Amino acid sequence: MSLDPFFSLRAEPNKDRVVSVAPGRWGWLVLLAMIGVIWFGGLGYRSLAEPDEGRYAEIPREMVASGDFVTPRLNGIKYFEKPALQYWATAMLYKLFGINQWAARLWPALTGFLGALFVWLMLRARMGDTVATTASLFVLTSPYYAFFSQVLTLDIGVSVFISAGMLLFMRAQGAQSNSATQRNAMLLGWACLALAVLSKGLIGLVLPALVVGVYVLVERDFSVLRRMHWVSGLLIFGLIAVPWFIVVSQRNPEFAEFFFIHEHFARYTSNIHRKVEPFWFFIPIVLVGTLPWTWLALEGLRAGWQRPPDATGFRTERFLVLWVLCTVVFFSVSGSKLHGYVLPAVVPLAILAAQRAASLAPRALLIRVVPALVLLGVLGFVGGEIMQVAQENSPAYFLHVRYARWIQCAGVAILSVASLVALMSRGTRSLGVMCFATLLLTQACVLGFENVAPLRSAKFAAQTIRSHLTAGSRVFQVGRYDHGLSFYLGATSTIADVGGELDFGIQQEPHLALPSAEAFELAWNNAPSAIAVMSPASFDKYSARGLAFEVLSKDTKRVVARRAW
């Protein structure tokens, strides 16, 4: 049977089962090149969205500017909510490629891309090329995973390192006891978990420990613990993860209590960060975020639980099932919920879905995937309509209409692909098409967001400010804090009437912020030249207090004004 130049489902004559999903000649190079262009090509297109992208672009910029790579600072203020690994990586990329939007997003895109390739590398020996290739494709093209690989947050980085550590643990448990393969895989797994901790904190160790612990209890297999190379593993983990925590605590005695108690224990057990969502919050995120492979993943969960153990006695598929369940349940009971928290569940779901796909005839596979692809297209189209209706009375309605058109066009394209796939004979050349269509839908949703960037990014306020800056100009942020403003201006600003996540840092160094309305008025009047980005409420407040402003730009979120005499 001839192969599609990309990925094809291939069945042997007189066989109902799909025996491989493999690239044709030069298929790997062409496929990786095409995905690479899609994956990395649009990173610099969008303006940085507030607050996350602005925050995680600015902190490493300040590290480069100050030369201090120990104490993270945001607008010059100590910022201890997260560890430093991604800040260091982004700072390095800034030095290589310059300080720009593309370089700012490169670390999550790179870790996401390499994380999917690592899935393929880890599965080839244990599960064969079919499952390895399919699982890697499913990871790359799952909208949930692809989306967070394109936006600047810490979620995909910690997810990739957790997943890599877990895959290496599986590799070690499936190898012969005391073999070089087992030892090396386990030690590398410890190193990956250390990088996960440096990416986002203790969750990089707590979640894997939970999954392993539950597996041991469910299977009553304590031999797993004896194959983890505790002494050398913990030594490697400590050498990688611990030094920064020691140094930053020595320089900032207040760090340890804030980071470990406030940002971990309090965040998990309370609603102190006001991220309260219902218990079932992550269920639709996972179900929709893994389309169109969702049904295969659900069937894979059931089949995986029933699979027999490996030759070494380790039940790989059952471990994958517990990995998914523990991740979703652990974060579901948390007092704080954000959309990216359950990303570590994508890799095991993709592997289980790939195993299920490899056991099906092409037609049976398409019956499970095409309806989900149709659903994904419908969700895109309907989502655009809902956006327009929800924003109908908004002053920025026209911006949301433009964004909705991007999503709807992508939805129509997905529906067209689904129709084409359904008409193809037995669907033997359709898997690659579906993968690309899903990835392009995600990219359309991400890139189309630029249409609402005037509302969600500080870039345009920074452009206005730059055109009016003079020698000695002082920039203020009043009543609101745009994280990316300093990134686009290349310098920090003076804040007033701003709290929230900056409160703790301001308490440590109160001189870095203006403590009162009177202090702002004095600084405003004494500056040689003054420009402010203000919330509309703050603009009205200080106008009523007698300050004279010349409005430079205004929208529903912010007012940019300079002092008027």
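Relevant structure appears above.
A brief look at the structure comes next. What you see is a predicted model, and the numbers here were worked out from it, not measured in a lab. Residue numbering note: each chain is counted from 1, following its sequence as written. Where totals are concerned, whole chains, interfaces and linings use all residues; where local detail is concerned, this predicted model gives features only for residues with pLDDT of at least 70, and gives and counts side-chain atom pairs only at 80 or more. Derived side-chain values reflect all non-hydrogen atoms in the structure, with water molecules and hydrogen atoms excluded from consideration.

### Thoughts on a nonpolar patch on the surface
- A contiguous nonpolar patch, built from F279, W280, I283, L287, V288, W295, L298, V329, V333, L375 and L379 and spanning about 1000 Å² of accessible area, is present on the exposed surface.
- Numbering of helices and strands runs from the N terminus; a helix is a DSSP stretch of H or I covering at least four residues, while a strand is a stretch of E covering at least two. Contributing elements (two or more residues each) for the nonpolar patch: α12 (282-289), α13 (294-306) and α16 (362-390).
- Looking at the nonpolar patch element by element, the count peaks at 3 residues for α12.
- For V333, the location among the structural elements is in the loop between α14 (316-332) and α15 (346-358). Nonpolar side chains (Val, Leu, Ile, Met, Phe, Trp, Tyr) are joined into patches within 5 Å and like charges within 9 Å, using only residues with over 30% relative accessible area and no salt bridge. Here the Shrake-Rupley method, with its probe set to 1.4 Å, supplies the accessible areas, and only the displayed protein chains count as covering residues. Any Lys or Arg side-chain nitrogen found within 4 Å of a carboxyl oxygen on Asp or Glu counts as a salt bridge.

### Observations regarding the packing of helix α5 (residues 143-150) against helix α6 (residues 155-174)
- To obtain each axis, a line is fitted to C-alpha atoms, and for helices this fit is confined to the stretch in contact; angles are then taken between N-to-C directions over 0 to 180 degrees. Their axes nearest at 8 Å, the elements α5 and α6 cross at an angle of 120 degrees. In this view, α5 runs oblique relative to α6, as classed from their interaxial angle. Across from Y145, F148 and S149 in α5, the residues of α6 making contact are D155, I156 and V160.
- Ten residues, namely Ala, Val, Leu, Ile, Met, Phe, Trp, Tyr, Cys and Pro, are considered nonpolar, four, namely Asp, Glu, Lys and Arg, are considered charged, and the remaining ones, Gly among them, are considered polar. The class makeup of the residues in the contact of α5 with α6 is 4 nonpolar, 1 polar and 1 charged. Each angle is binned into one of four classes, with values under 35 degrees roughly parallel, values over 145 roughly antiparallel, values of 65 to 115 roughly perpendicular, and all other values oblique. Between two residues, a contact is recorded if the distance between any of their heavy atoms is within 4.5 Å.

### Remarks on the sheet that holds strand β6 (residues 494-496)
- Two strands qualify as a pair provided DSSP detects at least 2 bridges between them. Overall, mixed pairing links the 6 strands, which are arranged β7-β6-β5-β8-β10-β9 in an open sheet. Of all strands in the sheet, those bounded by a partner on one side alone are β7 (513-514) and β9 (549-554).
- The sheet contact formed by β6 and β7 spans 2 bridges and is parallel. The residue of β7 that forms the bridge with I495 is A513.

### Regarding the pairing of β9
- As judged from the 5 bridges shared by β9 and strand β10 (residues 559-563), these two strands associate in the antiparallel manner. Bridge pairing in β10 places S553 opposite V560.
- Where β9 hands over to β10, the hairpin turn is made up of 4 residues, counted between the paired strands.

### Some details on the packing of α5 against helix α18 (residues 431-447)
- Orientation of α5 relative to α18, taken along the N-to-C sense of each, is 45 degrees, at an axis distance of 9 Å. The orientation of α5 with respect to α18, classified from their angle, is oblique. With respect to the hand of their crossing, α5 and α18 are arranged in right-handed fashion. In contact with P143, A146, F147 and Q150 of α5, α18 contributes T438, L439, T442, Q443 and V446.
- Among the residues making up the contact of α5 with α18, the classes are represented as 5 nonpolar, 4 polar and no charged. Whether a crossing is left-handed or right-handed is set by the direction in which the near helix is turned from the far one by less than a right angle, anticlockwise for left-handed and clockwise for right-handed.

### So, the pattern of salt bridges
- Counted according to the given criterion, the structure contains 22 salt bridges.
- A salt bridge links D310 to R126; its shortest N-O distance comes to 2.7 Å. Of the two residues, D310 is situated in the loop between α13 and α14 and R126 in helix α4 (residues 101-141); the sequence distance between them amounts to 184 residues.
- The rule is simple: take the accessible area with a 1.4 Å probe, protein chains only, and divide by the maximum for that residue type; under 20% is buried, over 50% is exposed, in between is partly exposed. Overall, D310 belongs to the buried group, its relative accessible area being 15%.
- Assessed through its relative accessible area of 36%, R126 is described here as partly exposed.
- Between R545 and E518 there is a salt bridge, with the nearest N and O atoms lying 3.2 Å from each other. Placement of R545 in the loop between α24 (536-544) and β9 and of E518 in helix α23 (residues 517-526) is noted, with a sequence separation of 27 residues between them.
- In this structure R545 comes out as partly exposed when scored by relative accessible area, which is 39%.

### Details of the environment of A530
- Within the secondary structure layout, A530 lies in strand β8 (residues 529-534).
- Separated by 15 residues in sequence, A530 and R545 place their C-alpha atoms 17 Å apart.
- Residue contacts for A530: discarding those within four places in its chain leaves R474, F476, W524, A561, R562 and R563.

Everything listed here is a matter of geometry and, on its own, says nothing about what the molecule does.
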